[in-house]
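If you want the building blocks of each chain, they are given just below.
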Amino acid sequence: MTVGLAVIALLCGGTLGGGTGWLTGKPDGSETVPPFAEDFPRGEQQYMQGVTVSLVADDWLIKSNKWECEDLSEEETDLGKVDYKTCRPPGDASSDMSVTIHSQGEDKVREVNATCWEGVGSKACKSLFSTLADTVFIPQDNLRKQASDWAAKNSGTERFTTIGHIRLEANLEPNGMRAIPAI
């Protein structure tokens, strides 16, 4: 019984004290929101700077390598509509690898994702991932070799790096390489 009374007294005292503080207290400081820091992420940083759907799909995959691309779907997200374009090589290789581009417009590419089922560490997969890195770094020309070399070296791992304005992520399940903006 004593324990019950003590619990009730604590609950009543806590409720009364908290209510009084909430009703009568005013926090110190300004009520205006402080400005964001200069390097705080901005809306356009959700896209890879200078990377376009045409650069990846048309210039790299279709014109240079004769791949076939199709617009798969669009999805409504909290950030708006996202378009998906998936490209595959012609012929028998079409089931061995693919590249998917996630975008919200021609110059608003959010992700380029390459997947390869030729085998972890295979020459074909290393070449695909290395070329993906080289392509998305065309707008940052001085970093292309570094990105391409990193992608080839880390094919078949679970590693990631940030180079310039792009984050590269190597994956094992499925075997792939993903390029996204580095925020």
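Note that this is a predicted model, so its numbers are computed, not measured.

(A) Quick look at the nonpolar core. Core analysis: the biggest nonpolar cluster contains 34 residues, and Val-56, Val-99, Leu-128 and Leu-168 have the highest contact counts within it. Secondary-structure elements contributing two or more residues to this core are α2 (53-63), β3 (97-103), β4 (109-116), α3 (123-136), α4 (144-154), β6 (166-172) and β7 (175-181).

(B) Quick look at the pairing of β6. As judged from the four bridges shared by strand β5 (residues 160-163) and β6, these two strands associate in the antiparallel manner. In the strand pairing of β6, Phe-160 is matched with Glu-169. Between β5 and β6, which pair antiparallel in sequence order, lie two residues; one of them, Gly-164, sits at a positive phi of approximately 60 degrees.

(C) Summary view of the pattern of salt bridges. What the rule picks out here adds up to nine salt bridges. Asp-149 is the partner of Lys-145 in a salt bridge, and the nearest nitrogen-oxygen pair spans 2.7 Å. Taken as a pair, Lys-145 and Asp-149 lie in helix α4 at a separation of four residues, close to a single helical turn. Given the relative accessible area of 39%, Asp-149 is considered partly exposed. It is possible to trace a salt-bridge network through shared partners that takes in Glu-111, Arg-167, Glu-169 and Arg-178.

(D) How the structure looks around α3. In a regular helix each residue adds 1.5 Å, so 14 residues correspond to 20 Å; α3 covers 20 Å between its end C-alpha atoms and thus fits that length. The complete set of buried residues in α3 reads Cys-125, Leu-128, Phe-129, Ser-130, Leu-132, Ala-133, Thr-135 and Val-136. Residues of α3 that are buried make contact with α2, β3, β4, α4, β6 and β7.

(E) Broad picture of the state of the cysteines. Across all of its chains, the model carries two disulfides by this definition. What pairs with Cys-69 in a disulfide is Cys-87, and their sulfur atoms sit 2.0 Å apart. Measuring handedness by torsion sign, the sulfur bridge of Cys-69 and Cys-87 sits at about 110 degrees and is right-handed. Taken together, the residues Cys-69 in strand β1 (residues 68-77) and Cys-87 in strand β2 (residues 80-88) connect sequence positions 18 residues apart. According to the relative accessible area criterion, Cys-69 is partly exposed, its value standing at 26%. For the protein, numbering the cysteines in disulfides from first to last along the sequence yields the connectivity 1-2, 3-4.

Basis of the calculations
Residues numbered from 1 in each chain as written. Predicted model: local features only at pLDDT ≥ 70, side-chain atom pairs only at ≥ 80, totals over all residues. Heavy atoms only, no water. Core = buried A, V, L, I, M, F, W, Y, C linked by side-chain atoms within 4.5 Å. Buried < 20%, exposed > 50% of the residue type's maximum accessible area, 1.4 Å probe, protein only. Helix = DSSP H or I, 4+ residues; strand = E, 2+ residues; numbered from the N terminus. Pairing = 2+ DSSP bridges. Salt bridge = Lys/Arg side-chain N within 4 Å of Asp/Glu carboxyl O. Expected span 1.5 Å × (residues − 1). Contact = heavy atoms within 4.5 Å. Disulfide = S-S within 2.5 Å.

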